[in-house]
Amino acid sequence: MSQVRTAFNKASSNYDDHAFLQKEVAMRLDKKLDIISSNSAVILDLGAGTGLLSQQLSKRFTESTIIALDFAQNSLKNNSANQKICADAGHLPLANNSVDMVVSSLMMQWCPDLKQLFSEIHRVLKDDGLILFSTFGPDTLKELKKSWSVVDNDTHVNTFTDMHDIGDQLLGAGFESPVMEMEHLTLTYQTVTDLLRDLKAIGAHSVDARSKALMGKDKFKLMVEMYESYRQDGKLPATYEVIYGHAWRRAKSSFKAQKIELINR
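Report on the accompanying structure.

Parameters and conventions
Residues numbered from 1 in each chain as written. Predicted model: local features only at pLDDT ≥ 70, side-chain atom pairs only at ≥ 80, totals over all residues. Heavy atoms only, no water. Buried < 20%, exposed > 50% of the residue type's maximum accessible area, 1.4 Å probe, protein only. Helix = DSSP H or I, 4+ residues; strand = E, 2+ residues; numbered from the N terminus. Arc of directions from axis to C-beta. Contact = heavy atoms within 4.5 Å. Axes fitted to C-alpha atoms, helices over the stretch in contact; angles between N-to-C directions. Parallel < 35°, antiparallel > 145°, perpendicular 65-115°, else oblique. Nonpolar A, V, L, I, M, F, W, Y, C, P; charged D, E, K, R; others polar. Polar contact = N/O pair within 3.5 Å; in protein donor to acceptor, adjacent residues only side chain to side chain. Salt bridge = Lys/Arg side-chain N within 4 Å of Asp/Glu carboxyl O. Core = buried A, V, L, I, M, F, W, Y, C linked by side-chain atoms within 4.5 Å. Left-handed = near helix turned anticlockwise from the far one by under 90°.

### Thoughts on helix α11 (residues 217-227)
Turning to step 1, where the next piece is worked out: Residues of α11 that are buried include every one of Phe220, Met223 and Tyr227, and no others. Taken end-on, α11 shows its buried residues confined to a sector of 60°, consistent with a single buried face. Every exposed residue of α11 that faces more than 90 degrees away from the buried side is listed here: Lys217, Asp218 and Lys221.

See the structure below:
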């Protein structure tokens, strides 16, 4: 986790200039609040970073207290939320039953322990509180993964959790009525180097950070050649599987079997 924190702190000054996908997903996540009603006196933006989602929440909930929490201190400096806390999402420095809604956009994929994360979120939410989030699924950067797979058996790109497993983790933490959705979004690039540069610029610790010299120029060249096979209409695609989910912390559990609603788009 310290490597991830360092990467995001380094990227904080220019993060917004390269976070095209992150901005789009934050807007789409915020839009879901049009049809998901919730009391919202105190809202926690978990993994708030520079404030891509915090800004949307501040516009929507003008009378609410927005708490922006992130483990990368430099990222929080550019966040305009009412309150800011630099802390680990797995160990929230908040009282039990103190938050009406927890919203998190593209942060959970960096958490090594979803069980601990959801347990902490459940703890700080009030009765009938809402958790709403987005994260990345297994198909994320599939072209890059497949291109590296022809080079060697090393792990060059992070693996991401399937939405069925995330739904199970929500139920295991005590949440009710979970709804999981998924869509694929694609960015395009002129070269593989442009993609890798963008990933580095947003602090994404999902790609092998070793230099071409350390991993071998031949290996890197072979990976690039493989990636070229995906070129369409003069552009190289980079696919992202974006998962959206929401669930409730109910006052009293019904203790009946819960069903996860899954929506593929």
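### Remarks on the environment of Leu53
Turning to step 1, where the next piece is worked out: Structurally, Leu53 is set in helix α4 (residues 52-60).
Turning to step 2, where the next piece is worked out: Leu53 sits in the buried class, given a relative accessible area of 3%.
Turning to step 3, where the next piece is worked out: Note: C-alpha distance between Leu53 and Ala26 (27 residues apart in sequence) is 5.2 Å.
Turning to step 4, where the next piece is worked out: Not counting residues within four places of it along the chain, the set of residues in contact with Leu53 comprises Ala26, Leu29, Asp30, Asp45, Val103, Ser104 and Ser105.

### Regarding the environment of Val192
Turning to step 1, where the next piece is worked out: Note on placement: Val192 falls in helix α9 (residues 192-201).
Turning to step 2, where the next piece is worked out: The exposure class of Val192 is buried, given its relative accessible area of 3%.
Turning to step 3, where the next piece is worked out: Along the primary structure Val192 and Glu228 are separated by 36 residues, whereas in three dimensions their C-alpha atoms are 8.2 Å apart.
Turning to step 4, where the next piece is worked out: Those residues in contact with Val192, other than ones at most four positions away along the chain, are Met223, Val224, Tyr227 and Leu236.

### Observations concerning the packing of α9 against α11
Turning to step 1, where the next piece is worked out: Following both chains from N to C, one finds α9 and α11 inclined at 105°, their axes separated by 10 Å at the closest point. Comparing their axes, α11 and α9 come out roughly perpendicular. Across the interface between the two elements, Val192, Leu195 and Leu196 from α9 touch Phe220, Met223, Val224 and Tyr227 from α11.
Turning to step 2, where the next piece is worked out: Within the contact of α9 with α11, the residues separate by chemical class into 7 nonpolar, no polar and no charged.

### A short note on the side chain of Ser54
Turning to step 1, where the next piece is worked out: Structurally, Ser54 can be placed in helix α4.
Turning to step 2, where the next piece is worked out: Judged by its relative accessible area of 2%, Ser54 is buried.
Turning to step 3, where the next piece is worked out: At 3.2 Å, the side chain of Ser54 and the side chain of Asn79 are in polar contact.
Turning to step 4, where the next piece is worked out: The contact partners of Ser54, leaving out residues within four places of it in the chain, are Asp45, Ala48, Ala68, Asn79 and Ala81.

### Looking at the pattern of salt bridges
Turning to step 1, where the next piece is worked out: A complete count under the given rule lists 13 salt bridges for this structure.
Turning to step 2, where the next piece is worked out: The partner of Arg28 in a salt bridge is Glu24, and the shortest N-O contact between them spans 2.7 Å. Highlighted residues: Arg28 and Glu24, both in helix α3 (residues 20-31), separated by 4 residues, approximately one helical turn.
Turning to step 3, where the next piece is worked out: Residue classification places Arg28 among the partly exposed positions, given a relative accessible area of 30%.
Turning to step 4, where the next piece is worked out: Arg197 serves as the salt-bridge partner of Asp194, at 2.9 Å between the closest nitrogen and oxygen. Linking Asp194 with Arg197, this pair stays in helix α9, spanning 3 residues, or about one helical turn.

### A closer look at the nonpolar core
Turning to step 1, where the next piece is worked out: In this structure, Leu144, Met223 and Tyr240 are the most contacted members of the largest nonpolar core, which totals 45 residues.
Turning to step 2, where the next piece is worked out: No other element matches the 6 residues that strand β7 (residues 236-249) contributes to this core.
Turning to step 3, where the next piece is worked out: Residues within four places of Met223 in sequence aside, it is in contact with Leu144, Ser147, Trp148, Val151, Val192 and Leu196.
Turning to step 4, where the next piece is worked out: Within the second largest apolar cluster, 32 residues are counted, among which are Val42, Leu92, Leu117 and Leu125.

### Details of the packing of α3 against α4
Turning to step 1, where the next piece is worked out: Closest axis-to-axis distance for the α3/α4 pair is 9 Å, and the angle between their directions is 30°. Classified by the angle their axes make, α3 and α4 are roughly parallel. In this structure, α3 meets α4 at a crossing whose hand is right-handed. Between α3 and α4, the residues in contact are Gln22, Lys23, Ala26, Met27, Leu29, Asp30 and Lys31 and Leu52, Leu53, Gln56, Leu57 and Arg60, respectively.

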